[in-house]
Amino acid sequence: ATESRAAAVQARKESEAARKAADKSHAAALKARKEAEATRAKQEAARKSAEESRAKAEAAREKAVAARELADSNAADAEAKRVASDQAAADSEQARKDAEESRKIA
């Protein structure tokens, strides 16, 4: 009877030790799962941030292209106005010469 009582006590101790080991293992598994979820969340945030950066860079590139096209258009307009101004000055000079010539003839 004493041996069976000692065996029962020993079995209870081993059962308690096994339960504690299982609890530790379960806690470690939960911690590892939480860490994996945190890592996944960080990776997702980094992916979104990179995507937003790419979108901003693309928008900036498109703005730069539009600005360059506008500058080219403005430069072309300015050149056309300069040519028209030069032509008007030439026409005015020619009209002055023609008027001078008409005065000489008259």
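Above this text is the structure in question.
Residues numbered from 1 in each chain as written. Predicted model: local features only at pLDDT ≥ 70, side-chain atom pairs only at ≥ 80, totals over all residues. Heavy atoms only, no water.

**Section: the overall build of the protein**
Next, step 1: When helices and strands are tallied, the protein shows 1 helix and 0 strands.
Next, step 2: Its C-alpha atoms give the protein a radius of gyration of 45 Å, more than 25% over the compact-globule value 13 Å for 106 residues.
Next, step 3: Each of the 106 residues in the protein was classed as buried or not, and the buried ones make up 0%.
Next, step 4: If you sum the accessible surface of the protein, you get close to 9,200 Å²; carbon and sulfur atoms cover 56% of it.
Next, step 5: Within the protein, one finds 24 positive and 21 negative side-chain charges whose respective centroids are separated by 15 Å. (Helix = DSSP H or I, 4+ residues; strand = E, 2+ residues; numbered from the N terminus. Rg over C-alpha atoms; globule rule 2.2 N^0.38 Å. Buried < 20%, exposed > 50% of the residue type's maximum accessible area, 1.4 Å probe, protein only. Areas by Shrake-Rupley, 256 points an atom, 1.4 Å probe, with all protein chains shown as cover. Lys, Arg positive; Asp, Glu negative; His and termini not counted. Charge placed at Lys NZ, Arg CZ, Asp CG, Glu CD.)

**With respect to the environment of Ala-45**
Next, step 1: With respect to the secondary-structure elements, Ala-45 resides in helix α1 (residues 2-105).
Next, step 2: Overall, the relative accessible area of 45% leaves Ala-45 in the partly exposed class.

**Some details on the environment of Ser-92**
Next, step 1: Within the secondary structure layout, Ser-92 lies in helix α1.
Next, step 2: You can call Ser-92 partly exposed: its relative accessible area is 47%.
Next, step 3: Sequence separation of Ser-92 and Arg-82 is 10 residues, and the distance between their C-alpha atoms is 15 Å.

**Considering the environment of Ile-105**
Next, step 1: With respect to the helices and strands, Ile-105 occurs in helix α1.
Next, step 2: Remark: the alpha-carbon pair of Ile-105 and Ala-6, spanning 99 residues in sequence, is separated by 147 Å.

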